[in-house]
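Listed here are the chains, written in short residue letters.
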Amino acid sequence: MEQIAFNYLQQAVELFYINDANALDLQSMERAYVFRIAHYLQKLLANDMRFQGIVVDCEYSKRINEDHTTSAKSIPNIDGTQKQIIPDLIVHQRNTHDKNLLLVEIKGYWSNQDTWDNDHNKLTYHTQRPQNELEPNLGYAMGVFVMLGQ
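Before going into details, it helps to say that this report is about the structure given with it. (Residues numbered from 1 in each chain as written. Predicted model: local features only at pLDDT ≥ 70, side-chain atom pairs only at ≥ 80, totals over all residues. Heavy atoms only, no water.)

**Thoughts on the packing of helix α1 (residues 2–20) against helix α2 (residues 30–46)**
Put simply, the test is: To get an axis, a line is fitted to the C-alpha atoms, and for a helix only the part in contact is used. The angle between two axes follows their N-to-C directions and goes from 0 to 180 degrees. Numbering of helices and strands runs from the N terminus; a helix is a DSSP stretch of H or I covering at least four residues, while a strand is a stretch of E covering at least two. An angle below 35 degrees is treated as roughly parallel, one above 145 as roughly antiparallel, one from 65 to 115 as roughly perpendicular, and anything else as oblique. Rotating anticlockwise by less than a right angle from the far helix to the near helix defines a left-handed crossing, while the corresponding clockwise rotation defines a right-handed one. Any pair of residues with heavy atoms lying within 4.5 Å of one another is described as a contacting pair. For this classification, the nonpolar set comprises Ala, Val, Leu, Ile, Met, Phe, Trp, Tyr, Cys and Pro, the charged set comprises Asp, Glu, Lys and Arg, and every other residue, Gly included, is treated as polar.
One way to put it is that α1 packs onto α2 with a least axis distance of 8 Å and a crossing angle of 125°. The angle between α1 and α2 places the two elements in the oblique class. As α1 packs across α2, the resulting crossing turns out to be right-handed. Where α1 abuts α2, its residues Ala5, Tyr8, Leu9, Gln11, Ala12, Val13, Leu15, Phe16, Asn19 and Asp20 lie against Tyr33, Arg36, Ile37, Tyr40, Leu41, Leu44 and Leu45. For the contact of α1 with α2, a count of residues per class yields 13 nonpolar, 2 polar and 2 charged.

**With respect to α1**
Stated precisely, the cut-off is as follows: For a helix, the expected span equals 1.5 Å multiplied by the number of residues minus one. Exposed residues in this analysis have more than 50% of their type's maximum accessible area, buried residues have under 20%, and partly exposed residues fall in between, with area computed by a 1.4 Å probe over protein chains only. Working note: the arc is built from the helix axis to C-beta atom directions.
For α1, built from 19 residues, the straight-helix expectation of 27 Å at 1.5 Å per residue is met to within 8% by its first-to-last C-alpha distance of 26 Å. Within α1 the residues assigned to the buried category are Ala5, Tyr8, Leu9, Ala12, Val13, Phe16 and Asp20. Along the axis of α1, the buried residues cluster in a sector spanning 150°; they form a single face. Residues Glu14 and Ile18 are exposed on α1 and point more than 90 degrees away from its buried face. In this structure, the buried side of α1 is in contact with α2, β5 (100–108) and β6 (142–148).

**Details of the pairing of strand β4 (residues 89–92)**
This is how it is decided: Being paired, for any two strands, means DSSP has found at least two bridges between them.
Neither face of β4 is open: one carries Leu89 and Val91, the other Ile90 and His92, and all of them are buried. Here 4 bridges tie strand β1 (residues 55–58) to β4, and the two strands are oriented antiparallel to one another. Bridging across to β4, Val56 finds its partner in Val91.

**Focus on helix α3 (residues 113–127)**
Because each turn of an α-helix spans 3.6 residues, side chains separated by three or four positions in sequence point in the same direction. Here α3 spans 21 Å end to end across 15 residues, near enough to the 21 Å set by a 1.5 Å rise per residue. Of the positions making up α3, those classed as buried are Asn118, Asp119, Lys122, Leu123, Tyr125 and His126. Buried residues of α3, viewed axially, fall in a sector of 165°; they line one side.

**Thoughts on the nonpolar core**
Our working definition: For this analysis, a nonpolar core means a set of buried residues of the types Ala, Val, Leu, Ile, Met, Phe, Trp, Tyr and Cys, connected via side-chain atoms within 4.5 Å.
Ranked by internal contacts, the top residues of the largest apolar core, which has 28 residues, are Leu9, Ile37, Leu41, Leu89, Val91 and Leu148. Counting only elements with at least two residues in this core, the list comes to α1, α2, β4, β5 and β6. Examining the composition of this core, we find that 8 residues originate from one element, α2, more than from any other. For Leu9, the residues in contact, after removing those within four places along its chain, are Ile37, Leu41, Leu102, Val104, Val144 and Val146.

**Quick look at the environment of Val55**
Inspection of the secondary structure puts Val55 in strand β1. Among the residues examined, Val55 registers a relative accessible area of 18% and is labelled buried. Sequence separation between Val55 and His92 is 37 residues, and the spatial gap between their C-alpha atoms is 5.6 Å.

Note that every value here comes from positions in space, so none of it alone points to a role or purpose.
So this is what it looks like as structure tokens:
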């Protein structure tokens, strides 16, 4: 199922380039691009009955505790500081970790290498198994880094 969601992500990025590529020339806020791609991706998923209950969220912090509350988790940056994990885009079912399909980080061609490394760290953390029973098993099936070019 995650491979199909990944294929839809590729189509959403293609739609972004078809409809919104001129916005890249502005090198504006990353959230603007993420929103447009998420918009196209949600429409594609909504037309596929296999994805009922699956949504696309932007900058969604999902860590479900035993009392069903959510809180953000911190991980180390490449420079050793701590950073709150808030992915750019996720494809999942809300309020559970059972259907965490994709975690996506999106960067523009003008961003610097340090942000790419931090995004790689986020993707690794969300797709790996926990080191101990105290860490949540976020269990994203696939982590994807999207670099938007000119």
